[in-house]
Structure formats: structure tokens, C-alpha cells
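# Fold and geometry: a report
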Amino acid sequence: MSVNHYKSLGSRVFDALNIALLTALALVTVLPLLYVLAGSFATESEIATRPFFLWPEKFVTDTYEYIFGTGTFVRALITTICVTAAGTVVQVMLTFTMAYPLAKRYLPGRALVLNLVIFTLVFSGGMVPTYLVVRDLGLLDSYWALILPLAINPFYLIIVKSFFQELPQALEEAARIDGCNEMGVFFKIVLPLSKPIIATFSLFYAVGIWNDYVSPLLYIDDSGKWTLQVLVRQLTSADAENALAQLDSVFFPAQGLKFAVIVIATLPILFFYPFLQKYFAKGVLIGSVKE
Amino acid sequence: MATDLAPPPVKAVPDPERGPARVPIRTALLRYRWLYLMLVPGLAYFVVFKYLPMYGLTIAFQDFVPFLGYSGSEWVGFKHFEELFTGPDFGRLLSNTLILALLTVIFVFPAPIIVALMLNELRVSVLKRSIQSLIYIPHFLSWTIVASLTYLLFAVDFGVIANFIHEVFGGPRTDYVAQADWFRPIIIMQTLWKSTGWGTIIYLAALASVDPNLYEAARMDGAGRRRQFWHITLPAIRPTIVVMAILTSGNLLDASFEQIWLMTNSLNRSVADVFDSYVYYIGITQGAFSYSTAVGLFKGLAGVVLIFGSNWLAKRLGQRGLF
């Protein structure tokens, strides 16, 4: 005979406590974000006087009007969007074209290349030697410096390779019989079958570039080429006053600006978040990493 | 016509499950030319942006002058390493890095395990999924955003947390973000906030793969929730914990450069400087390429030793290692 342990008093107390703690954790996670969102629509005086709020007393859009009327912001926003879009295309193309031959177990030399890839996960040249390579290539202060040094994430490459290995070979065989070369098989058969995983990695690469602060820090000097993350940093860091002085306007809502620029840099991520989560929840990545 | 050249006659494509065919290199290059062609761009990336920098590590043993290049600069042996080990900065860098690593092991590493176990006990699935959705969010936010949020929440005059500390514990209002004493707690809090939720995924996956029959059988034998936890749930995630521990140990010295750099200011330098931020500061902003490369190389090698060491240790302790 089994006793229902879930009905005992101790068990119920535990469940209640468990739910309370987890709910608190979830709140701690999202409340700061909601506060920033509310703060971005609040007046300067409200930010200064009310320590915490989720709904502004007086709803204003000053900060956003200011941001979208300022060259620096608009330029950074456009730069970030373009670099993210171009970078994602480059990254996905490079990753998928390289993963396909690596998925062919019969390819002579495959193991060597695979080991070269895996070794980079354990050891790397590090910051300064990489910086020198980028410099020698003449990429300093070029948008390409934000894309090329990160063009292939070795983890993603290995996962895509595993995915290709799982694809049914019969279709590929059929295409080969029809006279397709391997390139044709890849573009006509394999890629159309891989749409969901292409979407997944496009999103991950895009988030990576959008969020990248180190690359612009290392490779971009020209403030005309700042990305959104650099701007966020400039506005909210300890040296914010200097950065604000560089902006091309006299009046600005100084505190609200910090809130609003965080919102703008976060919103696209949160917009895509449901898709990001969907693919991860399916265990796409974890399942394939195990191989 | 292209199809004339197009191999591989179907028979020549071996069974995909088999290893590489043993054919002369020239035959292989010809037969698989399309596959090799597809390999070229990616391989070029790895050569240029991963292996060239590794070759560039040689400047750690030179007095590198950009004008003279890698081959023209003078070789100086271990001079820069001696300078690092005997210099005034090494002790501070090592202890800052190790303290952060230790705090990470104590607070950051167990957090996702605990939360995953708590979520696992939550049987209201709507609530469970909503909580999961919310706590995954910070993983996708950049460190700049996290740092900016920190600055806002700890702002002297209007920051919520600063206010809270002031109201509850009294004392004068201070700028916590600028204080050396608060640097480490803030870094750990940030990491917990950003990575705990996401970190649960891998443990939850391990927990989901436990055969429900095990619990059923345990219940039949009269095991309560606590005993089920100790004898089924915990053993189920032990291999995952070991793998994650090995992976974490390899990254311990990395101490997220991005995160730390964003929180470093002139007042907390004494505790904030770790190897990576030091390399950036000395190498990129001051141009001491050779010396900073030596520092980076030391740190990189220490990381390799750590990851192989913990893998060895895991195997010695009877666990399945990573490799």
C-alpha cells in the first residue's frame, strides 16, 4: 500500500514555500525590467522622487522624442540593425556551408578539420593576438570587425553538423542519382529541410551581434560608428556626463534617457524571445550537444 | 557540361556510417571537390581568426614591434613572464581572479541546480512554465544592459536598491557601485540574475529524462518525497553536475571580461582587475602587446590545465568525464 505523501502537512508546507520562493525569483528577474520600461515614460522629477514604480503617474514620451530626434542615437540604431542583419547572414552562411561537409563521415580529412575546430574551444590566441590580426587585416574602425572575428561559433557549428548527420540520406541519394553535385544537394535538398534550425541559429547569432560590446570596444574608435550597446554604456556608466556633453543638443532628459536607451536596446531581444525560447525548450541544442 | 564532370557515381559515395574511404589524396580531392570547396570559407575563418592569433602568441616571447613584424622582432625568451611573475601586479591579479572564481563556485554554480530541483518539485505545470519563461529572459540581455540596470538600481539618489539599503539599515547614502567593498557582491549578484534561470535548462532536461516508473516503484516501497529526492532525483542529475563542473572549471579564470570591465571604475580597480581586464588595459589601451600577450597566454594555459585537471579528477572519482 502506498501512502499519498503529497497530502501530508510537511509536504504541503514545502510546496507552498517552494511556490513562494520561485515566484519571488521570477519577480526579482522581471521587476527591474518593468521598472525601466515604466521609468522611460516617466518625468524626470518622478524618477528622482519615487524609488520604484511600475506605472508612471504622468505618462510622457519626451525621452523617446529626444532620442529619435538626435543624430547620435538614430545613427547608432541604424548601424546596429545593419551590422546585425549583415553579420547574421554571413555567420549563418559560413556555419551551414562548413557544417555540411563535416557531417559526411566518409570525407577524407574530416576528422582533422573537426579536431581543429574543437581545439579552439579549449584554447585560443586570446585578446591581443586576435586584435593584431584584425588590425593587420585593416579592419580597425570597420564594421566588418564586428562581424568577421565572430563569424563562426564552434559550438553552433558542431550542433548544426550533428543535425545534418541526422537528416535522412535517402533524399540526398536520390538527388545525386539525378545528377546533382554536392553543392546542388546542399542548396536544393538539405537547406530547405533545415529551415527551423536555420531560423534558430539566425536568432542566436543575431542576438550575439546585437548584444556584443567587446568587439566595438576593441575594434571601433570612431564615435560615428558606435553601436547601440556602446551608447548604452556611454550613457549609463560613471563617465556618462562626458558622453552626454558630446550629444548635439542642449536640453535633454538626463535620467529618463538612460531608461529609454536601455528599453530600445532590449526591446528587439524581448520581441524575439518567444521564438528563442520555443526552440530551446524543444531541447534542440541540448539534445544534439550530447552526441 | 557540368554533369559530365559530376561524380560521384552513386556507388562511389560510401555508406555514410562508415569512416573515410582510403583513397589517394588526388582522387579524394577530385571526387569530393564540392564538399572540399564548401569547407574552404569556414576553414579560412578558423585559420585567420583562430589559428593566426595562436601563431601570434609567439610575440609573448619577443619584444614585438609592429613595424618589424612577427619575424623581425627580437626574441627575448621568458622575459615577459618573469616580469609578470615578479612584478607588482601579479599577486593582486591572481587573488582577484581566484576570489571571484571561488565566489562563483560557491554561489553561482549551485544556484541553477537548486532552482532546477525546486522547479522539478513544482507540479502546477502552468506556473512552472511561466516561471521558466520569466527566469530565462536575462540570459538574452547584454552585459551592457545588465551593467546599466545595476547603475540605475544602485544610483545614489534614486536607485531602488540603494534606497532600500538606506531605509532598512540606515547610514549615509553611498554610491555602492563605486565602492571596492561592493564590487564582488555586485558582480556575483549580476551573474546570478543573468545566468541562474538559463542554467536550469540542462538540469531540467536531465530531470525530465528520469523514468517515472522509478518514482512509482519507490512510492510502492513506501519512500516519501524526501527519500525519492535523495535516491532518485539527485543521482539522476549527478552526471550532468559533473560535466557542468568540468566546463565551469575551464572557464573559471575567464571571469567574464565584458561584465567586469563594465563594472570597473577608478575607485574599485584594486579589487576589479582580473587577468582579462588587465590584458585589455595594458595591451590594447597602452600598447604593451608582448607583455599583455604573455599574461593572456599564462591565463589560457592555466585554463587548459584546469579543464584537463578537473576532467581527470572526475574520472578518478568514478564519474564519466567530458573526454
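Cut-offs applied
Residues numbered from 1 in each chain as written. Chains lettered and ligands numbered in written order. Predicted model: local features only at pLDDT ≥ 70, side-chain atom pairs only at ≥ 80, totals over all residues. Contact = placed C-beta atoms within 7 Å. Helix = DSSP H or I, 4+ residues; strand = E, 2+ residues; numbered from the N terminus. Nonpolar A, V, L, I, M, F, W, Y, C, P; charged D, E, K, R; others polar. Buried ≥ 20, exposed ≤ 12 C-beta atoms within 10 Å, placed from the backbone. Domains from an automatic or database assignment. Core = buried A, V, L, I, M, F, W, Y, C linked by C-beta atoms within 7 Å. Axes fitted to C-alpha atoms, helices over the stretch in contact; angles between N-to-C directions. Left-handed = near helix turned anticlockwise from the far one by under 90°. UniProt positions renumbered as here; feature names shortened; annotations may be inferred. pLDDT = per-residue confidence, 0-100.

### Focus on the interface of chain B and chain A
Contact residues are listed per partner, giving 87 residues for chain B and 81 residues for chain A. Of all the elements, helix H3 (residues 33-56) of chain B adds the most residues to the side of chain B that touches chain A, at 17 residues. Among the residues making up the side of chain B that touches chain A, the classes are represented as 61 nonpolar, 18 polar and eight charged.

### Some details on unusual backbone geometry
Residue and element names in this part refer to chain A. At Asp141, a residue that is not glycine, the phi angle is positive and equals roughly 60 degrees. For Asp141, the position within the fold is in the loop between helix H6 (127-136) and helix H7 (154-166). The class for Asp141 is exposed, based on 12 C-beta atoms found within 10 Å.

### Details of the domain arrangement of chain A
All names here are of chain A. Assigned domains within chain A: domain 1 (5-49) and domain 2 (72-289). Taken together, the contact pairs eight residues of domain 1 with seven residues of domain 2. Those elements giving two or more residues to the side of domain 1 that touches domain 2 turn out to be helix H1 (9-40) and helix H2 (44-49). Top contributing element to the side of domain 1 that touches domain 2 by residue count: H1, with four residues. Here the side of domain 1 that touches domain 2 is built from residues that sort into five nonpolar, two polar and one charged.

### Some remarks on the environment of Ser95(B)
Checked against the element boundaries, Ser95(B) lands in helix H6 (residues 90-108). On a C-alpha basis, the gap between Ser95(B) and Val271(B) in space is 8.8 Å, while along the polypeptide they are 176 residues apart.

### Section: the nonpolar core
Generally speaking, nonpolar side chains in soluble globular proteins are found buried as a group. All names here are of chain A. Ala99, Val160, Leu231, Val261 and Ile262 are the most contacted members of the largest nonpolar core, which totals 138 residues. Looking at this core element by element, the count peaks at ten residues for helix H4 (residues 71-102). Leaving out residues up to four positions away in the same chain, Leu231 has contacts with Phe73, Ala76, Trp226 and Val261.

### Observations concerning the packing of helix H5 (residues 110-122) of chain A against H3(B)
In the contact formed by H5(A) and H3(B), the axes pass within 11 Å of each other and the chain directions differ by 40 degrees. Seen from above, H5(A) lies across H3(B) with left-handed handedness. Of the residues in H3(B), those in contact with Val113(A), Leu116(A), Val117(A) and Thr120(A) of H5(A) are Leu39(B), Leu43(B), Phe46(B) and Lys50(B).

### A closer look at the UniProt feature "transmembrane region" (unreviewed entry) in chain A
Residues and elements named next belong to chain A. If you check UniProt for "transmembrane region" (unreviewed entry), the listed places come out as residues 16-38, 76-100, 112-131, 143-164, 185-210 and 257-276 in our numbering. Summarising residues 112-131: 80% helix, 0% strand, and an end-to-end C-alpha distance of 27 Å. The span residues 143-164 shows a helical share of 50% and a strand share of 0%, and its end C-alpha atoms are spaced 31 Å apart.

### Brief notes about the confidence of the model for chain B
Reading predicted coordinates in detail is not appropriate for stretches of low pLDDT. All names here are of chain B. With 93% of its residues at a pLDDT of at least 70, chain B reaches an overall mean of 87. Every residue in residues 1-12 scores below 50 in pLDDT, and together they form eleven contacts with partners more than four places removed in sequence or on other chains. Predicted complex, confidence summary: ipTM 0.89, pTM 0.88.

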